[in-house]
Amino acid sequence: METATMANHEVTEEAKPAYEVVHAKSQLFYPEYERKSDLKHQTHYCPGCGHGVAHKLIAEALEDLNLQDETILVSPVGCSVFAYYYFDVGNVQVAHGRAPAAATGLKRACPDKIVLAYQGDGDLAAIGTAEIVHAANRGEKIAVFFVNNAIYGMTGGQMAPTTLVGQRSTTSPWGRRPVNEGFPLHMAEMLSSLEAPVYIERVALSDNKNIMKARRAVRKALELQRNGAGFTFVEILSPCPTIWGKDPVEARKWVAEKMIPSFPLNVFRDRKVEIPESNQPPQKTVQEVVEGERQAARAAFVPGRHHQFDHLDIKIAGFGGQGVLLLGQLLAEMGMREGLEVSWLPSYGPEMRSGSAHCHVCLSKQRIGSPLLSRPNVLVAMNEISLRKFASQVAPGGTIIYGRERLPEDISFPQVQVVCIPASEIADKLGSAKVANVVMMGALLQETECLASATAMKVLEAKVKNPALLEFDRKALDAGRLYIDHTVAIGAVTQADGFAE
């Protein structure tokens, strides 16, 4: 009896038909999610959330098109940020709203890759409005998937740019009022008014029929990216049950009954855009750029240069328009050419011209921990205001190079060396007031011996394309160096505060 039963069982198993699995976890997702041990097979998303469905549609399309190894996914702040826990593709996480800007850079650096931006409504339509509008207007060859659930989901339910008229939120408890908060933004319609986008569609995750339409839209956007067509944008109306205070079934119904009438489903743009080919910017891959920088560094490297310091911090300060920031850039470039680690950090007020400006330059034989200087070894002060503001920060035993003939009578700095040089007057005598900063650079190089004057001239030759101005720069560099040698070192009277006279 037992044998017969086993035989019948075997026949039954063999007679089972082979079923094709049509609904399964996409191979494009990671096998496990980086969460607590008991949650590795669960997503971050709330029950009924549309993000999981949107993820599945994008993953299946990428898998069907065999684009997994060619894709870079950019995810910003918000619920969208969790995307890199799931998609087994190249992932870049960026600041709030900046996904289109980052995607632009990635696509231009890696033109052979498929670059996607995955954003929510608070991210794309609020803090990221400028980024998405200008990326679309330039026709960047990226695909943007915009999840619109009419609310800030991650941060507690504040009103979003897409919140419906009358819809309540934590920041609009009486409901959105157009007279006070304005009308909701319609991003698909707004972007479709631009010339460059090639495909814009709005879809909804309200029911199975619309989810299938969304699947086709996602696939089309990715196919266009694969073909190099241009900017594509799919807006996805999505439920957010937890923040809306609804169960998943009610939330999907709310998408259909409330969101779709306010945000009509439509293909707003589907056309080939002809962008003029004239004056195209050069396109280089990351590898080409890196190799070019390496070759330039090898060609510019000064062999045998011995630096007397391990780490030198320089603060340069003055008015905007005096070449303060440029002087810092020149020093940083010189440091690179002499094989040093360098950093340059600018700071200026609301007015670059005539307002205050200063920058920090670090020159080091070792890796630089921070570009911000609190105790510089050297202060280059182009004017009295900068001298009074920053001189107290200079480390004891450091150097101040002041762009006047002498210090103000009411101040002295007994713990540091002070060198005074009338840079503006010297520049005027040379015939160009613009080169006062180069006079200061010549004085700095001669006084500190931190970098070579020959390196300075190579950098100036590379940066300055006007032959007449380059000649002024050469004379200014020599004038600053000679002033230290002939006037300061020989003719000055040593005071308690250094070479002040």
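Parameters at a glance
- Residues numbered from 1 in each chain as written.
- Predicted model: local features only at pLDDT ≥ 70, side-chain atom pairs only at ≥ 80, totals over all residues.
- Heavy atoms only, no water.
- Pairing = 2+ DSSP bridges.
- Helix = DSSP H or I, 4+ residues; strand = E, 2+ residues; numbered from the N terminus.
- Axes fitted to C-alpha atoms, helices over the stretch in contact; angles between N-to-C directions.
- Phe/Tyr/Trp six-rings, centres within 6.5 Å; stacked < 30°, edge-to-face > 60°.
- Buried < 20%, exposed > 50% of the residue type's maximum accessible area, 1.4 Å probe, protein only.
- 1 Å grid on protein atoms, 1.4 Å probe; cavity = no way out; pocket = protein on both sides within 12 Å on 5 of 7 lines; lining within 4 Å.
- Points joined across faces, edges and corners; volume = space filled by probe spheres on them.
- Nonpolar A, V, L, I, M, F, W, Y, C, P; charged D, E, K, R; others polar.
- Core = buried A, V, L, I, M, F, W, Y, C linked by side-chain atoms within 4.5 Å.
- Contact = heavy atoms within 4.5 Å.
- Expected span 1.5 Å × (residues − 1).

Caption draft 1: Seen up close, the sheet that holds strand β3 (residues 114-120). Reading across from one edge, β2-β1-β3-β4-β6-β5-β7 is the order of the seven strands in this open sheet, with mixed pairing throughout. Every other strand in the sheet has two partners, leaving β2 (90-93) and β7 (266-270) as the edge strands with one partner each. Between one strand axis and the next, the sheet turns by 15° as a mean value, whatever way the strands run. Both strand β5 (residues 199-204) and strand β6 (residues 232-237) contribute to a ladder of six bridges, which runs parallel. Bridging from a neighbouring strand, V203 pairs with I236 of β6.

Caption draft 2: Geometry of the packing of aromatic side chains. Considering all chains together, one arrives at eight aromatic pairs under this definition. With 5.8 Å between their ring centres and 40° between their planes, Y45 and Y86 make a pair best called tilted. Of this pair, Y45 sits in the loop between α1 (2-15) and α2 (50-64) while Y86 is found in the loop between β1 (71-75) and β2, placing the two residues 41 residues apart along the sequence. In this pair, the class of Y45 matches that of Y86, namely buried. Here W244 and W254 contribute two aromatic rings whose centre-to-centre distance is 4.6 Å and whose plane-to-plane angle is 55°, an arrangement assigned as tilted. With W244 in helix α9 (residues 241-244) and W254 in helix α10 (residues 248-262), this pair connects stretches of sequence that are 10 residues apart. Of the residues examined, W244 reaches a relative accessible area of 13% and is grouped as buried. Its relative accessible area of 16% is what places W254 among the buried residues. Here the aromatic cluster, defined as three or more aromatic residues joined through ring pairs, consists of Y45, F82, Y84, Y85 and Y86.

Caption draft 3: Region of the structure containing the layout of surface pockets. Roughly 550 Å³ of internal volume is contained in the second largest pocket. Around the second largest pocket, the lining is made up of 27 residues, and of these G321, Q322, G323, L326 and N437 lie nearest the centre. Sorting the residues of the lining of the second largest pocket by element identifies α12 (324-337), α14 (423-430), α15 (436-448), α16 (453-463) and α17 (467-491) as the ones contributing at least two each. Examining the composition of the lining of the second largest pocket, we find that four residues originate from one element, α12, more than from any other. Residues of the lining of the second largest pocket, tallied by class, amount to 16 nonpolar, six polar and five charged.

Caption draft 4: Inspection of the nonpolar core at higher detail. Grouped together as the largest cluster of nonpolar side chains are 46 residues, with contacts concentrated most on I314, I316, L331, M441 and L445. Those elements that place two or more of their residues in this core are β8 (311-319), α12, β10 (356-364), β11 (378-381), α14, α15, α16 and α17. Considering each element in turn, this core owes the most residues, eight residues, to α15. Discounting residues that sit within four places of it in the chain, I314 has contacts with L331, C359, H360, V361, L363, L373, V378, V380 and L444.

Caption draft 5: Representation of α2. Given a rise of 1.5 Å per residue, 15 residues ought to cover 21 Å, and the 21 Å separating the end C-alpha atoms of α2 matches this to within 8%. Buried within α2 we find G50, H51, A54, H55, L57, I58, A59, E60, A61 and L62. Of the surrounding secondary structure, the elements contacted by the buried residues of α2 are β1, β3, β4 (143-148), α8 (208-226) and β6. Directly after α2, the chain includes N66, whose backbone phi takes a positive value near 60°.

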